[in-house]
Amino acid sequence: MTAAGISLRPGRATARRLAGLAAAGRLLRLELKRNPVPYVLPLLAAVFYFDTVRTAAGFPPVWTLRASVIGDHMLFEFSAFAGGLAAWAGSRERRRKTLDLAATTPRPEWARLSVTLAGTLCWLLLAFLAGVAAIYIQTALQATWGGPPLWPVFVGAAGVIAVTMIGFTCGVVFPSRFTAPLLAVGVLVLYRTGLRAALSVTPLSGRYALLSPANAPPSVDAGVYYHVAPDVPITQVMFMGGIAIALLGVLGLAAALRQPASAGRRTSLRAFLARGDGWLLRPVAVILVACGVAASWTAFALAGTARPDPVGGWEIPALHSAASDQPVPVTQDCASGSGFGVCVHPAFSFYLDGVAAALDPVAAEIAGLPGAPARAEEVASESGGKTVMSGISGSPPVFEFTAEQVGNMFGQFLGIPDTAAWRAGFQQGLLDAFLAKPSQPAKGPVPAPLGAAQQAVEDALLAAAGSQPFPARGASAGVPAAAHRFAELPASARHAWLAAHLAALRAGTIKLAQLP
Amino acid sequence: VTAAGLVKLPAAPAGTTRRIPAGIRLTWLHLRSRHVPAGILALAVCGGVLRAALHWHWAFNSGPYAQQIPMIIEAGAAAVIAVTAHSPFGETERATGRRLPYLRLFTAAGMCGLAIALLQLGAAGESLNGGVLVLSRNVIGITGIGLACSLVTGGLLAWTLPMGYLVFCQYALLEAWSSPWTWPVRPPADRGAWICAGAVFVAGLLLFTIRGPRARLSDDS
């Protein structure tokens, strides 16, 4: 050995390493070229458009709400194809009967399978991220406040990876023609069972529901007044990531697991670990399985400690940050065209003109009367763990409503399917709060119904404001006639009568016949 | 030595004197080459999963969500039938005689009937939303889609289009679409939905019978 030879060694090692990387790169390029996923992408794109894009487009452009389609819809579509296609790719060597041929190559089986897996995963993740980009770009063009939430993307990507790993491993271990469709169906059943559990989740039975990425759409103003706590998404990523890591380890052991079974004799642990692909790969695979199981088990245990948080989500004490319970500082967008101020959160500023136009005529009818609100303001729909109801409070009086509920109407900020009904809903909500007895407590989520005289006055004021009143459930027969009579009065006469009799009307002592 | 001794047939070994008729043997070989016995086992698994889903209330009992899980399992059964379309012999099999289309026809139709029977057996005694009519219609229609798909993708990937249709119908279910082409969403006795599902099945079955699945000796993907 000479000094020259010694000095050349590091260079040779680097060159060998580079050659190895280049070979792996070539393998991956070939795999990307031959992978079946691109052929199914048009079909996946079609169902993505029909399901995810159309559902997201039906929601108002609020980031958290729009991002919820990633877990609720997009992952369902990807699960159907990711699991099946990964199983198809995983069973390729057996399907083509090249198992023995491929075993003669210098690469260990784990490396070969990893390249196939990486190719499948690359295509699926690329398609997934392209879908997320399509939803987020559409939202960014329409949203008036906030930014893209990243946790739903992480959860969705972890879901795609976990389903792909499950499918690929099943394809390697059970290489049958029925593996792909049965696995796709199995994953979809699991997903829908998770949704079923999520829709009826309780603190005691919520582990599976919380670990499942499927969920009901959040409230319209989720993530608007308070940050969405990342506790549950962290647990979900940990759980699904743990499954993926454990299955990667199982793939490393796949060849070893097959050999003892075929040999049909007992082998020592040392021989088992050292067999075939080299002594280092098997222990690494065992460690990966252990780490994956530990991560998933930890996530499972953490999900068991979850409890409802004060702003409508779930908190996990070990992961929870008190900072996420603090309100997001924001200046509301306001309009006061004809003196009656209306304020909404900037995330809903596209509704501001509509709300102001709806409330202005009714506010003008009751302006100056005792307890009449000087302005209307949108507030958070959840506070202190309770649902907030619309009503008039404070001094000077302010009509407070939420994006979820105004009077008897729910989901007012979810969209405007019928403009006249939407407008009348706001007006009726304001008048319900104005005419109801101040001490009249609401029973459940719906405000207490008005008395006959109160209802007639409300209908008359709505008619005067140019709206069609909703038919009140259980209202007496004389209400429409009394309302018509009262609406026929000049505005000044109505106003004067209300000024004189408002307290008695609110107390419920005015009868229908007493209305002018 | 005379010629008489040479032409005498040797005695048949014990147990082989009863010969299986050629038609039955051909049918059995056809079914085995398509992995039909394993397919029946897969259909039985689907029936078992349906029973488990209904028994342990994995799905809702009523409302738009009630059809979700049964529909997935029915689509799975249809996908299994579509996958049995694959032949390991490829194009060369087509030169072997005239009986192949009939074998294809009876295999697919028989598997479809068996799938309905096994799924109904799984749902027996449980409350299945829509009942056996919706179950049958879904299996029939989605099997037609799968068989038609096998003409393009080959038998092994014929499960992809049924899965796509399933995902599409899950959306249609929540949106309460009323088009007869989304037959899993329609009520059990809806005539338009039955016509559409039947038409798709007949078209798929006829094309599959006449043309056969796309055959390649080695798959490229």
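**Q** What am I meant to see in the overall build of chain A here?
**A** Within chain A, the regular secondary structure consists of 17 helices and 11 strands. In chain A, which comprises 516 residues, the proportion classed as buried is 46%. Taking contacts inside chain A between residues at least 6 apart in sequence as the whole, the part at least 24 apart equals 72%. Carbon and sulfur atoms provide 66% of the accessible area of chain A, an area that totals close to 23,500 Å².

**Q** How should a nonpolar patch on the surface be read in this particular structure?
**A** All names here are of chain A. A contiguous nonpolar patch, built from Leu150, Trp151 and Phe154 and spanning about 290 Å² of accessible area, is present on the exposed surface. Along the chain, Phe154 falls in helix H7 (residues 151-173). Residue classification places Phe154 among the partly exposed residues on the basis of a relative accessible area of 41%.

**Q** Quick question: what am I supposed to make of the pairing of strand S9 (residues 398-402) of chain A here?
**A** If a strand is regular, its side chains alternate between the two faces of the sheet. Residue and element names in this part refer to chain A. Burial of S9 is extensive: 4 of the 5 residues sit out of reach of the surface. The pairing of strand S5 (residues 375-379) with S9 spans 5 bridges and is parallel. Looking at the pairing, Arg375 lines up with Val398 of S9. Here strand S8 (residues 391-393) pairs with S9 via 3 bridges, running antiparallel. Paired with Gly391 across the bridge in S9 is Glu400. The loop that links S8 with its antiparallel partner S9 comprises 4 residues; one of these, Gly394, has a positive phi angle of about 85°.

**Q** Help me out: how do you make sense of the interface of chain A and chain B in this one?
**A** The extent of an interface is frequently quoted as the accessible surface area lost upon association of the parts. The partner chain B presents 38 residues to the 33 residues of chain A that form the contact. With both sides pooled, the region where chain A packs onto chain B buries about 3,300 Å², and carbon together with sulfur makes up 75% of that total. On the chain A side of the contact with chain B, Arg177, Phe178 and Arg196 of chain A bury the most area, a combined 23% of that side's loss. Here chain A is connected to chain B by 0 salt bridges. Viewed at the interface, chain B and chain A are joined by 6 residue pairs in polar contact (both at pLDDT 80 or more). At the level of elements, helix H2 (37-58), helix H3 (63-90), helix H4 (92-95) and helix H8 (179-199) of chain A are the ones that each hand at least two residues to the side of chain A that touches chain B. Here the side of chain A that touches chain B takes 12 residues from H8 of chain A, the largest share from any one element. Class assignment for the residues of the side of chain A that touches chain B results in 20 nonpolar, 3 polar and 10 charged.

**Q** I would appreciate a short explanation of the pairing of S5 of chain A in the present structure.
**A** Residues and elements named next belong to chain A. Counting buried positions along S5 gives 4 out of 5 residues, so the element sits mostly inside the fold. Summarising the sheet, strand S4 (residues 341-344) and S5 pair through 3 bridges and their orientation is parallel. From the neighbouring strand, Gly341 faces S5, where its bridge partner is Arg375. Where the polypeptide runs from S4 across helix H13 (residues 352-366) and back to S5, its parallel neighbour, the crossover connection is left-handed.

**Q** Looking at this structure, how should I read the confidence of the model for chain B?
**A** Taken as a whole, chain B shows an average pLDDT of 88; of its residues, 89% reach a score of 70 or greater. Of the two predicted TM-score estimates for the complex, the pTM is 0.88 and the ipTM is 0.89.

**Q** Please explain unusual backbone geometry as it appears in this structure.
**A** Excluding glycine, a negative phi dihedral is what most residues carry, and trans is how most peptide bonds are arranged. A cis amide bond links Ser395 of chain A with the next residue in sequence, Pro396 of chain A, at an omega value of 0°. Relative to the helices and strands, Pro396 of chain A is located in the loop between S8 and S9. Its identity is not glycine, yet Ala176 of chain B carries a phi of approximately 55°, on the positive side. Inspection of the secondary structure puts Ala176 of chain B in the loop between helix H7 (160-175) and helix H8 (191-211).

**Q** What is the right way to look at the state of the cysteines in this model?
**A** In a disulfide, the sulfur atoms of two cysteines are covalently bonded to one another. All names here are of chain A. According to the stated counting rule, one finds 1 disulfide over all chains in the structure shown. Shown here is the disulfide that connects Cys334 with Cys343, its sulfur atoms set 2.0 Å apart. Taking the sign of the torsion about the S-S bond as the criterion, the disulfide between Cys334 and Cys343, at about 110°, is right-handed. A relative accessible area of 48% places Cys334 in the partly exposed class. For Cys343, a relative accessible area of 8% corresponds to the buried category.

**Q** Would you explain the sheet that holds S8 of chain A in this entry?
**A** Sheet strands pair by backbone hydrogen bonding; their relative direction is either parallel or antiparallel. Residue and element names in this part refer to chain A. The mixed open sheet is built from 5 strands, whose spatial order is S3-S4-S5-S9-S8. Looking at which strands have only one partner, the edges of the open sheet turn out to be strand S3 (333-335) and S8. When the angles between neighbouring strand axes are averaged without regard to direction, this sheet yields 25°. On top of the sheet, H13 reaches S3, S4, S5 and S9; it is set at about 145° to S4, its chief contact.

**Q** How should a positive patch on the surface be read in this particular structure?
**A** Residues and elements named next belong to chain A. Residues Arg26, Arg29, Lys33, Arg34 and Arg107 make up a contiguous surface patch of positive charge. Relative to the helices and strands, Lys33 resides in helix H1 (residues 3-34). According to the relative accessible area criterion, Lys33 is exposed, its value standing at 58%.

What counts, and where the lines are drawn
Residues numbered from 1 in each chain as written. Chains lettered and ligands numbered in written order. Predicted model: local features only at pLDDT ≥ 70, side-chain atom pairs only at ≥ 80, totals over all residues. Heavy atoms only, no water. Helix = DSSP H or I, 4+ residues; strand = E, 2+ residues; numbered from the N terminus. Buried < 20%, exposed > 50% of the residue type's maximum accessible area, 1.4 Å probe, protein only. Contact = heavy atoms within 4.5 Å. Areas by Shrake-Rupley, 256 points an atom, 1.4 Å probe, with all protein chains shown as cover. Patch = residues over 30% accessible without salt bridge, like charges linked within 9 Å, V, L, I, M, F, W, Y side chains within 5 Å. Salt bridge = Lys/Arg side-chain N within 4 Å of Asp/Glu carboxyl O. Pairing = 2+ DSSP bridges. Buried area = accessible area lost by both parts, 1.4 Å probe. Polar contact = N/O pair within 3.5 Å; in protein donor to acceptor, adjacent residues only side chain to side chain. Nonpolar A, V, L, I, M, F, W, Y, C, P; charged D, E, K, R; others polar. Right-handed = clockwise from strand over helix to strand, strands pointing away. pLDDT = per-residue confidence, 0-100. Disulfide = S-S within 2.5 Å. Axes fitted to C-alpha atoms, helices over the stretch in contact; angles between N-to-C directions. Lys, Arg positive; Asp, Glu negative; His and termini not counted. Charge placed at Lys NZ, Arg CZ, Asp CG, Glu CD.

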